[in-house]
Amino acid sequence: IIKSTYICILSLKQSSGLKMNSEFKEKIHDKTFRLGIVGLGYVGIPLSLGFARKGIKVTGFDIDEKKIELLSNGKSYLEHIASEDIDECIKSGHLEPTSCFEQISNVDGIILCVPTPLDNHLEPDLSFVESTLKQIVPYLKEGQILSLESTTYPGTTTEVVQPIIESRGLKVGESISLVYSPEREDPGNESYASVDIPKILGGVTQDCLQKGIEMYALVFPQVVQVSSTAVAEFTKLLENIYRSVNIGLVNEMKVVATKMGIDIWEVIEAAKTKPFGFKAFYPGPGLGGHCIPIDPFYLTWKAKEYGVNTKFIELAGEINRGMPQFVIDATADALNKRKKPINGSKILIIGLAYKANVDDMRESPAFYLMDALKNCGAEVGYFDPYIPKIPVTREHGNWTGLESIEWEEGVISGYDCVIIATAHERIDFSDLAKWSDCIVDTRNAMQSITTSEGQVTKA
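Before going into details, it helps to say that this report is about the structure given with it. (Residues numbered from 1 in each chain as written. Predicted model: local features only at pLDDT ≥ 70, side-chain atom pairs only at ≥ 80, totals over all residues. Heavy atoms only, no water.)

1. Some points on the packing of aromatic side chains
Now for step 1: A complete count under the given rule lists 9 aromatic pairs for this structure.
Now for step 2: Consider the rings of Tyr242 and Phe281, whose centres lie 5.7 Å apart with planes at 75°: the pair is edge-to-face. Placement of Tyr242 in helix H8 (residues 229–259) and of Phe281 in the loop between helix H9 (264–271) and helix H10 (295–304) is noted, with a sequence separation of 39 residues between them.
Now for step 3: By relative accessible area, Tyr242 is classed as partly exposed at 42%.
Now for step 4: On the basis of relative accessible area, Phe281 is assigned to the buried category, the value being 13%.
Now for step 5: Through a chain of ring-to-ring contacts, three or more aromatic side chains come together here, namely Tyr153, Tyr298 and Trp301.
Now for step 6: Its end group placed over the ring of Phe220, Lys199 keeps NZ or CZ at 5.5 Å from the ring centre.
Now for step 7: In this structure, Lys374 is placed above the aromatic ring of Trp399, and the distance from its NZ or CZ to the ring centre is 5.2 Å. (Phe/Tyr/Trp six-rings, centres within 6.5 Å; stacked < 30°, edge-to-face > 60°. Helix = DSSP H or I, 4+ residues; strand = E, 2+ residues; numbered from the N terminus. Buried < 20%, exposed > 50% of the residue type's maximum accessible area, 1.4 Å probe, protein only. Lys NZ or Arg CZ within 6 Å of the ring centre and 35° of its normal.)

2. So, H10
Now for step 1: The buried fraction of H10 amounts to 8 of the 10 residues, a majority that puts the element mostly inside the structure.
Now for step 2: All of the buried residues in H10 are Asp295, Pro296, Phe297, Tyr298, Leu299, Thr300, Lys302 and Ala303.
Now for step 3: Those residues of H10 hidden inside the fold are in contact with helix H6 (156–166), H8 and helix H11 (311–321). (Contact = heavy atoms within 4.5 Å.)

3. Looking at the side chain of Ser147
Now for step 1: Considering the arrangement of structural elements, one finds Ser147 in strand E5 (residues 145–148).
Now for step 2: A distance of 2.7 Å separates a polar atom in the side chain of Ser147 from a polar atom in the side chain of Tyr216.
Now for step 3: Those residues in contact with Ser147, other than ones at most four positions away along the chain, are Ile110, Ile111, Leu112, Val179, Ser181, Met215 and Tyr216. (Polar contact = N/O pair within 3.5 Å; in protein donor to acceptor, adjacent residues only side chain to side chain.)

4. Quick word on the pairing of strand E11 (residues 417–420)
Now for step 1: Where burial is concerned, the two faces of E11 agree: the one with Cys417 and Ile419 and the one with Val418 and Ile420 are both buried.
Now for step 2: Looking at chain direction, strand E9 (residues 346–350) and E11 are connected through 4 bridges and run parallel. Bridging across to E11, Ile347 finds its partner in Cys417.
Now for step 3: In terms of strand pairing, E11 meets strand E12 (residues 439–441) through 3 bridges, oriented parallel. Opposite Ile419, over in E12, you have Val440 as the bridge partner.
Now for step 4: What joins E11 to E12 is helix H15 (residues 429–435), and the crossover it makes is right-handed. (Pairing = 2+ DSSP bridges. Right-handed = clockwise from strand over helix to strand, strands pointing away.)

5. A short note on the pattern of salt bridges
Now for step 1: Considering all chains together, one arrives at 17 salt bridges under this definition.
Now for step 2: For the salt bridge of Glu183 with Lys236, the shortest nitrogen-to-oxygen distance reads 3.5 Å. Of the two residues, Glu183 is situated in the loop between strand E6 (177–180) and strand E7 (199–203) and Lys236 in helix H8; the sequence distance between them amounts to 53 residues. Of the two residues, Glu183 and Lys236, neither departs from the other in class, the shared state being buried.
Now for step 3: Among the ionic pairs, Glu314 bridges to Lys304, the shortest N-O distance being 3.5 Å. Pair noted here: Glu314 is in helix H11 and Lys304 is in helix H10, with a separation of 10 residues, a long-range link.
Now for step 4: Glu314 gets classed as partly exposed once you look at its relative accessible area, which sits at 29%.
Now for step 5: Each of Glu159, Lys302 and Glu305 takes part in a single network of salt bridges with overlapping partners. (Salt bridge = Lys/Arg side-chain N within 4 Å of Asp/Glu carboxyl O.)

6. Structural notes on the pairing of E9
Now for step 1: Of all 5 residues in E9, 4 are buried, a share of seventy percent or more.
Now for step 2: Taken together, the 5 bridges between E9 and strand E10 (residues 379–383) define a ladder with parallel strand orientation. When the sheet's bridge partners are listed, Ile349 is paired in E10 with Tyr382.
Now for step 3: Between the parallel elements E9 and E10, the chain passes through helix H13 (residues 365–375) in a crossover that is right-handed.

7. Observations regarding the sheet that holds E7
Now for step 1: Pairing within the open sheet is mixed, and its 8 strands lie in the order E3-E2-E1-E4-E5-E6-E7-E8. Bordering the open sheet on either side are strand E3 (95–98) and strand E8 (223–225), each of which pairs with just one other strand. In this sheet, adjacent strand axes meet at a mean angle of 25° when their direction is disregarded.
Now for step 2: Summarising the sheet, strand E2 (residues 57–61) and E3 pair through 4 bridges and their orientation is parallel. Within E3, the residue paired with Thr59 across the bridge is Glu96. (Axes fitted to C-alpha atoms, helices over the stretch in contact; angles between N-to-C directions.)

Coordinates in, geometry out; function isn't part of it.
Structure below.
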């Protein structure tokens with residue numbers, strides 16, 4: 001009797017699972033699949049538009065009511081995303097922004113795109129992931145699939161996300177599916193839209209993986225499946241550590257070249273003529289963005305659990321974090337040659353965004369330059385055509401409300417020194433050559449512009 005009862009229960013479970021799989025496939029096939037994207041920022045918005053344009057009904061979730069209001073009215077708050085694109089998806093009914101997390105129960109798939117910063121000790125801060133999960137867990141239901149896209153350390157999906165989901169009474173791999181698929185968004189990249197980049201995907205179980213493939217294949221032409229969520233998590237870290245280490249190398253080469261009186265930019269241009277074995281990376285005032293300054297430390301933290309010290313990664317991070325001070329020292333030298341100290345000088349930062357042609361300020365080294373200069377007694381201003389006013393930020397609240405100066409000769413000529421932190425294409429640097437006699441160039445922006453001897457200091 002006991003054996004018969006067990007077989008009966010098992011048969012019911014298998015039947016239920018087959019039914020859920022059948023319903024899932026049917027929704028995918030006829031595009032009645034409904035998707036919820038949690039976190040409407042630099043990752044969530046492009047992803048939402050990608051699915052919505054393919055005719056998938058997307059509910060976008062965010063706790064920021066201002067974002068919800070703007071999006072609901074067809075307005076973009078990201079420079080590189082046109083309001084017309086959002087408005088089109090809103091009017092078609094394929095994109096619905098909301099702050100009401102109860103609607104999680106109305107979707108078939110959920111993608112989490114929330115921040116994963118570092119804390120003050122350079123250790124992973126998963127508070128946004130955990131708090132978001134706890135907010136949506138009460139509304140999860142059988143048959144759904146949840147995907148984490150936030151960059152994190154290997155093991156997060158099974159060690160952190162899965163237990164929170166299963167606290168609801170659901171069983172990953174049976175009643176609900178769980179996958180990890182790292183975002184590969186590059187704001188402002190006109191060569192690759194987010195949906196054109198191959199999608200890495202790992203599942204907790206094979207069934208989870210298969211459902212993840214079916215969901216992402218609605219939009220992504222190529223889904224690259226890996227054997228586990230941990231492999232997918234590690235893949236994302238490797239991609240960005242590769243860049244961090246190479247940027248660290250070229251930043252160190254810049255310091256050495258500068259001491260030797262050699263132009264590192266000329267060296268790089270010469271080296272990249274080699275058709276094999278060399279990929280050009282460029283120095284700068286420090287690392288910015290949500291990935292490269294942060295991701296390597298997720299792996300170094302996790303590696304310590306296994307008794308491994310990631311010396312190479314940590315050294316690159318140390319070099320890159322030291323670049324703002326290199327720029328400050330170069331600025332001090334440039335002012336000293338003009339018999340001026342930093343203390344009491346008016347210094348202008350050009351480019352607040354961490355990279356050219358976007359409004360993304362996350363982890364921007366410009367903030368570290370501004371903080372250091374202010375601490376040295378300088379009066380600091382900034383110009384950025386993409387950021388007219390500094391909004392509230394988690395790390396740099398002391399600069400909230402500061403407005404970009406006007407791009408005018410009378411204003412810029414009043415500064416004792418100008419530091420080019422980001423070289424936006426929208427800026428006419430030939431104007432700068434006419435208006436400022438002390439320019440510290442961290443991006444080689446003045447290379448092709450006629451300047452007087454000693455006017456430009458490369459840093």
